[in-house]
Amino acid sequence: MTGYIIKRLIAMVVTLWFIITLTFFLMHSIPGSPFNEERNTSEAVQRNLESFYHLDKPLYVQYGMYLKSVVTFDFGPSIKKSSQTVNEMLGRGFPVSFELGIITLTVAVISGIALGIIAALRHNGFIDYLAMTIAVLGISVPNFVLATLLIQQLAVNLAILPVATWSSPKHMILPTLALATGPMAIIARLTRSSMLEVLTQDYIKTAKAKGLSPVKIVFKHALRNALLPVVTVLGSLAASILTGTFVIEKIFAIPGMGKYFVESINTRDYPVIMGTTVFYSSILIIMLFLVDIAYGVLDPRIKLHKKEAS
Amino acid sequence: MELRKQHDNRNLAPDIPDDWFVPKAKDENEAEAVVRPSLSYWQDAWRRLLKNKLAMAGLFFLIALAFMAIFGPMISPHSVSQQSLTNQNLPPSSKYWFGTDELGRDVFARTWYGARISLFVGIVAAMIDFAIGVIYGGIAGYKGGRTDNAMMRVVEILYGLPYLLVVILISVVMGPGLFTIIFALSVTGWIGMARIVRGQVLQIKNYEFVLASKTFGTKTSRIIRKNLLPNTMGPIIVQMTLTVPSAIFAEAFLSFLGLGIQPPFASWGSMASDGLSTILSGHWWRLFFPAFFISLTMFSFNVLGDGLQDALDPKLRR
């Protein structure tokens with residue numbers, strides 16, 4: 001177990017280093033300097049600006065400085081909004097995005113699992129078809145379309161919920177709904193199929209033969225095993241929720257990290273793009289790592305150190 | 001089971017004289033009639049797929065969409081980029097079937113033009129993933145040992161990369177456009193395919209028929225082509241039917257961020273993201289048609305992929 005964790009830890013660090021390096025060289029392979037597009041700056045000002053952002057140094061020096069800044073978690077100032085640093089932006093945006101992400105993940109996991117269980121228990125019944133229709137629709141409709149439809153119907157036409165922003169629990173309903181539907185659909189389908197598989201197992205028959213109550217069979221015997229596949233997709237679901245926040249935050253004008261990221265893309269604010277990308281990637285890679293470990297802890301049948309061979 | 005049955009039969013009738021047994025008259029027609037034509041794996045899978053109504057509906061929609069993507073812009077009486085300032089933002093009517101946009105362009109023609117781009121992006125991305133993934137995964141799985149270890153280390157590192165973030169980064173660097181999108185989607189897209197192919201090959205290469213082939217001295221390239229690849233095709237096809245919609249989705253996502261197809265060209269994604277801003281002024285058709293067809297395509301590919309999975313792997317059928 002420890003051996004496996006150490007191995008995964010090393011792989012995680014290498015992946016992180018890879019994305020940092022990739023981001024750095026991609027951003028520096030763009031021709032031209034970020035300053036010469038807008039105003040006509042004099043030669044001296046140009047040079048001052050470049051030395052302020054260390055753009056006058058050779059590439060390997062810049063790379064070294066960048067690695068250092070990532071390790072010390074200091075991404076420097078923004079180019080377009082010179083009064084702000086990337087850290088300040090992350091500090092302001094992250095709590096909001098984190099809140100949105102966690103609420104969404106919770107809603108998606110709980111409702112997805114519930115939907116999946118109900119569908120499996122009523123296999124081929126009306127509820128099953130209904131649940132799976134919802135699930136397929138959830139996978140098929142892009143979240144920005146869903147978000148717009150929700151705003152138009154619930155916020156504008158019926159006026160029962162606020163249109164945008166993130167200030168009270170009431171404001172959180174629509175963004176969460178728009179963002180959670182896709183992941184919920186995936187979890188529901190997965191739970192349903194693995195539940196159906198588990199329900200045919202011998203130990204469930206034994207449990208039934210013992211005369212256990214259906215509730216006990218489902219929650220104590222079936223669910224624990226049925227949920228293992230769900231755990232494996234949590235990492236990639238977190239990734240899709242995270243990238244989904246870019247879109248949702250833009251549509252609902254939520255002042256989160258995604259908003260800064262999208263803004264920085266549109267204004268080509270390279271330090272902000274690099275900072276947010278590295279930050280996002282770190283979160284995701286750590287998530288994937290935790291999910292892998294959790295999987296091993298939940299399912300004692302998996303011998304982690306032998307996982308490579310299987 | 002079989003063995004025991006034979007054994008039982010022998011014990012059941014120990015004393016029956018041989019002349020009790022009369023050979024049955026041979027009736028060739030009858031013999032012929034009982035024999036069920038032997039079906040290849042693919043014919044069998046196709047029969048199973050035909051029975052799956054949802055998957056067939058998906059297949060039908062996809063064929064219809066492809067047909068309209070090819071012929072739609074020709075059917076429309078208006079051209080794709082023809083602007084008409086007197087006909088701005090018209091709702092769907094007999095003249096403009098899907099309405100017009102803010103420049104007076106025909107949404108019907110643009111929808112099918114967008115279908116070309118969106119389907120093209122999805123299919124080309126899936127084909128590139130297929131090519132790289134099969135070669136990479138095939139070599140890793142077949143060689144095994146140290147080669148496999150080294151190659152899978154690389155995959156492990158790339159697998160951790162957040163897909164859409166990398167796509168966004170590359171699009172920012174290369175500048176938006178059709179080629180950029182396909183390139184960006186392929187950079188990390190092949191990894192899933194490589195993992196699947198490698199896993200399959202690793203398993204199949206130890207089956208008896210492959211070992212027999214090796215014993216006869218078949219060349220490696222022929223073993224890979226004739227023995228390994230055909231038997232990994234099932235999961236590969238399923239993976240491809242899931243790659244296409246995810247590429248279309250990613251393209252729509254990029255368009256929404258302003259990194260997708262640039263005007264005057266249109267894809268479903270860029271049309272939908274243009275339509276988003278106008279929905280509050282009541283121009284629902286601008287968003288509805290592209291969004292509807294994105295959803296229909298996603299739906300079709302998803303149910304077809306599910307159906308194929310069931311059809312190609314009957315053991316997993318539930």
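Analysis parameters
Residues numbered from 1 in each chain as written. Chains lettered and ligands numbered in written order. Predicted model: local features only at pLDDT ≥ 70, side-chain atom pairs only at ≥ 80, totals over all residues. Helix = DSSP H or I, 4+ residues; strand = E, 2+ residues; numbered from the N terminus. Buried ≥ 20, exposed ≤ 12 C-beta atoms within 10 Å, placed from the backbone. Contact = placed C-beta atoms within 7 Å. Core = buried A, V, L, I, M, F, W, Y, C linked by C-beta atoms within 7 Å. Nonpolar A, V, L, I, M, F, W, Y, C, P; charged D, E, K, R; others polar. pLDDT = per-residue confidence, 0-100. Expected span 1.5 Å × (residues − 1). Axes fitted to C-alpha atoms, helices over the stretch in contact; angles between N-to-C directions. Parallel < 35°, antiparallel > 145°, perpendicular 65-115°, else oblique. Left-handed = near helix turned anticlockwise from the far one by under 90°.

*Asks:* Sorry if this is basic, but what is going on with the overall build of chain A here?
*Replies:* Along the backbone of chain A there are twelve helices and zero strands. Counting helices and strands in the order they occur from the N terminus, chain A gives α-α-α-α-α-α-α-α-α-α-α-α. Expressed along its principal axes, the backbone C-alpha trace of chain A runs to roughly 85 × 60 × 30 Å. Here chain A, with 310 residues, has 36% of them falling under the buried criterion. In chain A, the share of contacts with a sequence separation of at least 24, taken over all contacts with a separation of at least 6, comes to 72%.

*Asks:* Please clarify how the overall build of chain B should be interpreted in this entry.
*Replies:* In terms of helices and strands, chain B carries twelve helices and zero strands. The order of α-helices and β-strands along chain B, N terminus first, is α-α-α-α-α-α-α-α-α-α-α-α. A buried classification covers 40% of the 318 residues belonging to chain B. For chain B, contacts bridging at least 24 residues in sequence account for 69% of all contacts bridging at least 6.

*Asks:* When you look at the nonpolar core in this model, what are you seeing that I'm missing?
*Replies:* Side chains of nonpolar character tend, in soluble globular proteins, to be buried together. Residue and element names in this part refer to chain B. The biggest cluster of nonpolar side chains holds 131 residues, and the ones touching the most others in it are Val167, Ile168, Phe253, Leu257 and Ala272. A per-element tally of this core places helix α12 (residues 284-312) first, with 14 residues. Residues in contact with Val167, not counting those within four places in the same chain, are Ala184, Leu185, Ala250 and Leu254. Membership of the second largest hydrophobic core comes to twelve residues, among which are Val134, Tyr142, Ile191 and Leu228.

*Asks:* So what exactly am I meant to see when it comes to the interface of chain A and chain B here?
*Replies:* How big an interface is tends to be stated in terms of the accessible area lost upon association of its parts. Contacts between the two partners involve 37 residues from chain A and, on the opposite side, 32 residues from chain B. Listed by contribution, the elements that provide at least two residues to the side of chain A that touches chain B are α1 (2-28), α5 (126-140), α6 (143-157), α7 (169-199), α10 (228-251), α11 (257-267) and α12 (270-298) of chain A. No other element matches α1 of chain A, which puts eight residues into the side of chain A that touches chain B. Taken together, the residues that form the side of chain A that touches chain B break down as 25 nonpolar, eleven polar and one charged.

*Asks:* Please explain the confidence of the model for chain B as it appears in this structure.
*Replies:* Keep in mind that low pLDDT regions are not for reading the predicted coordinates in detail. Residues and elements named next belong to chain B. Per-residue pLDDT for chain B averages 79, and the proportion of residues at 70 or more is 85%. Model confidence for chain B, summarised as mean pLDDT per element, is weakest for helix α1 (residues 2-12) at 51 and strongest for helix α9 (residues 208-215) at 88. In the predicted assembly, ipTM is 0.75 and pTM is 0.76.

*Asks:* Explain helix α7 (residues 163-174) of chain B to me, please; I cannot follow it from the model alone.
*Replies:* Side chains three or four residues apart in an α-helix point the same way, a direct result of the helix having 3.6 residues per turn. Look at α7 of chain B: 17 Å from first C-alpha to last across twelve residues, which is about the 16 Å you get at 1.5 Å a residue. Of the positions making up α7 of chain B, those classed as buried are Tyr163, Leu164, Leu165, Val166, Val167, Ile168, Leu169, Ser171 and Val172 of chain B. The inward-facing, buried residues of α7 of chain B abut α1, α10, α11 and α12 of chain A together with α8 (178-204) and α10 (220-256) of chain B. A positive backbone phi angle near 80 degrees is found at Gly175 of chain B, which sits one or two residues after α7 of chain B.

*Asks:* Would you mind showing me how to read the packing of α5 of chain A against α7 of chain A here?
*Replies:* Packed helices, taken two at a time, are described by their axes: the angle between them and the distance between them. Residue and element names in this part refer to chain A. Put simply, α5 and α7 touch, their axes get as near as 8 Å, and they point 135 degrees apart. By the angle between their axes, α5 is oblique relative to α7. Between α5 and α7 lies a crossing of left-handed hand. From α5, Ala131, Ala135, Gly138 and Ile139 reach across to α7, where they touch Thr181, Gly182, Met184, Ala185, Ile186, Ala188 and Arg189.

*Asks:* Whenever I open this one, unusual backbone geometry confuses me. Can you help?
*Replies:* It is generally the case that most residues other than glycine have a negative phi and that most peptide bonds are trans. In this model, Ala253 of chain A sits at a positive phi of 50 degrees, which is unusual for a non-glycine residue. With respect to the secondary-structure elements, Ala253 of chain A resides in the loop between α10 and α11.

*Asks:* I tried to follow the environment of Gly305 of chain B on my own but got confused; where do I start?
*Replies:* All names here are of chain B. Mapped onto the fold, Gly305 is located in helix α12. Considering only alpha carbons, one finds Gly305 and Leu39, 266 residues apart in sequence, at a separation of 22 Å. Not counting chain neighbours up to four residues away, the residues in contact with Gly305 comprise Val238, Thr241 and Leu242.

*Asks:* Looking at this structure, I do not really get the environment of Met68 of chain B. What am I missing?
*Replies:* Residue and element names in this part refer to chain B. Assignment of secondary structure puts Met68 in helix α4 (residues 53-75). Considering only alpha carbons, one finds Met68 and Trp112, 44 residues apart in sequence, at a separation of 6.4 Å. Apart from residues no more than four positions distant in its own chain, Met68 is found in contact with Trp112 and Ala115.

*Asks:* What should I look at first to understand the environment of Ser83 of chain A in this one?
*Replies:* Considering the arrangement of structural elements, one finds Ser83 of chain A in the loop between α3 (59-71) and α4 (86-121). According to the C-beta neighbour criterion, Ser83 of chain A is exposed, with 7 such atoms within 10 Å.

*Asks:* Even after reading the chapter, I still don't get α12 of chain B, so can you show me in this structure?
*Replies:* With 29 residues, α12 of chain B extends 41 Å from end C-alpha to end C-alpha; this agrees with the ideal 42 Å at 1.5 Å per step. The element α12 of chain B is extensively covered by neighbouring structure, given that 22 of its 29 residues are classed as buried.

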